[in-house]
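One-letter residues, chain by chain:
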Amino acid sequence: MIIVADPELCREVGIKKFKDIPNRSMPSPIAASPLHQKGLFFTRDARWSTMRNTILSMYQPSHLASLVPTMQSFVESATHNLESSKQDITFSDLSLKMATDVIGQAAFGVNFGLSKPKSVTDTIDSDINNQDNGNEVSDFIKQHIFSTTQLKMDLSGSLSIILGLLVPVLQEPFRQILKRIPGTMDWKVDRTNKKLSHRLDEIVSNRMKETKIDSKDFLSLILKARESETELSKNVFTPDYISATAYEHLLAGSATTAFTLSSVVYLVSKHPEVEKELLAEIDGFGPHDQMPTAHDLQHKFPYLDQACLIFDF
């Protein structure tokens, strides 16, 4: 593993030359999880190039800017009645719920409802009226968390992953054996990934049946691009690869975003002078109910931008 600290070199590798690096090495945790192998990051050769070229337009500033209202709505939902709460709040949990909700909406067009505060009455009514849907969402999130936490590159992972770290050639044969033995970690991971794949395939299948797709979430954009592109694109974006690529966004974005937010808040809290200046800049933007645009976020919060950049580097 090579860790690069030079910003210009990161830009060179991650942006300018990224298209020239179609094949990446596969860590043993990913090699033990077929679900994660079908996302954009670990596909290879011509399939990777086709997928990347199709998806690239979805990362244009104009599309990302359109997601600001979605992010704002979940932030407002998660922080509703926060000041009047009498209980301590674990910010890392709150940020993970917010990030998962935002990316769930942006990737699948699904509102998981994790960050929405609920009263006891709301919870009871929700359980009575939406029990099946609530259980499905809850199960999906539990499976997602379990699958994600098992992607470990240390000796606490499953036996096949450990073998992949020590003797790579033995990983797949042992995984095939161990996933058939009830109770083993490989068996649990295999079952969870199958359930996740089944649920993701259902989402994709239902969306593909819709005659008119107006949503702007990642999944809908891929499906519209698939229908409008060549036969090659349709062969590349098969349902299993579509679901894996959409899920990859949830996997790659939720935990990393939550960790970054939590770490920034923690580090800022250790420097009162920085916290004071940050709050002054944020409060000086306007009324609390005024939603910033993408342009505002880029140009009207220079100190906040610097604080996040310092943490990133």
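If you're wondering where the values come from, they're calculated on a predicted model, not measured in any experiment.

J.: What exactly am I supposed to notice about the packing of aromatic side chains here?
T.: Aromatic ring pairs are defined here through the distance separating the ring centres and the angle between the ring planes. Counted according to the given criterion, the structure contains two aromatic pairs. A cation over a ring is seen here: R24 above F41, with NZ or CZ 5.0 Å from the ring centre. Against the face of Y241 rests R47, its NZ or CZ located 3.8 Å from the ring centre.

J.: Even after reading the chapter, I still don't get the confidence of the model for the chain, so can you show me in this structure?
T.: Any region with low pLDDT has predicted coordinates that should not be read closely. Averaged over the chain, the pLDDT score is 79; the fraction of residues at 70 or greater is 86%. Here helix α8 (residues 120–129) stands out as the least confident element of the chain, with mean pLDDT 38; helix α16 (residues 272–283) is the most confident, with 92.

J.: What should I look at first to understand the nonpolar core in this one?
T.: Across soluble globular proteins, you tend to see nonpolar side chains buried next to one another. One finds F108 and Y247 to be the most contacted residues of the largest nonpolar core, which totals 29 residues. Elements with a contribution of two residues or more to this core: α4 (45–55), α7 (91–108), α9 (131–149), α12 (185–209), α13 (218–228) and α15 (239–269). Sorting elements by how many residues they give to this core places α15 first, with six residues. Apart from residues lying up to four places away in sequence, F108 is in contact with I103, L200, I203, R207, D217, L219, A246, Y247 and L250.

J.: How should α12 be read in this particular structure?
T.: It helps to recall that an α-helix has 3.6 residues per turn; residues three or four apart then point in one direction. Taking 1.5 Å of rise per residue, the 25 residues of α12 would be expected to cover 36 Å, and the 36 Å separating its terminal C-alpha atoms lies within 8% of that figure. Of all the residues in α12, the buried ones are D186, V189, D190, T192, N193, L196, L200, I203, V204 and R207.

J.: Would you explain the side chain of D296 in this entry?
T.: Among the secondary structure elements, D296 is positioned in helix α17 (residues 294–299). The class of D296 is buried, set by a relative accessible area of 9%. Separated by 3.1 Å, the side chain of D296 and the backbone nitrogen of T293 make a polar contact. Excluding its chain neighbours within four sequence positions, the residues that come into contact with D296 are F285 and F301.

Basis of the calculations
Residues numbered from 1 in each chain as written. Predicted model: local features only at pLDDT ≥ 70, side-chain atom pairs only at ≥ 80, totals over all residues. Heavy atoms only, no water. Phe/Tyr/Trp six-rings, centres within 6.5 Å; stacked < 30°, edge-to-face > 60°. Lys NZ or Arg CZ within 6 Å of the ring centre and 35° of its normal. pLDDT = per-residue confidence, 0-100. Helix = DSSP H or I, 4+ residues; strand = E, 2+ residues; numbered from the N terminus. Core = buried A, V, L, I, M, F, W, Y, C linked by side-chain atoms within 4.5 Å. Buried < 20%, exposed > 50% of the residue type's maximum accessible area, 1.4 Å probe, protein only. Contact = heavy atoms within 4.5 Å. Expected span 1.5 Å × (residues − 1). Polar contact = N/O pair within 3.5 Å; in protein donor to acceptor, adjacent residues only side chain to side chain.

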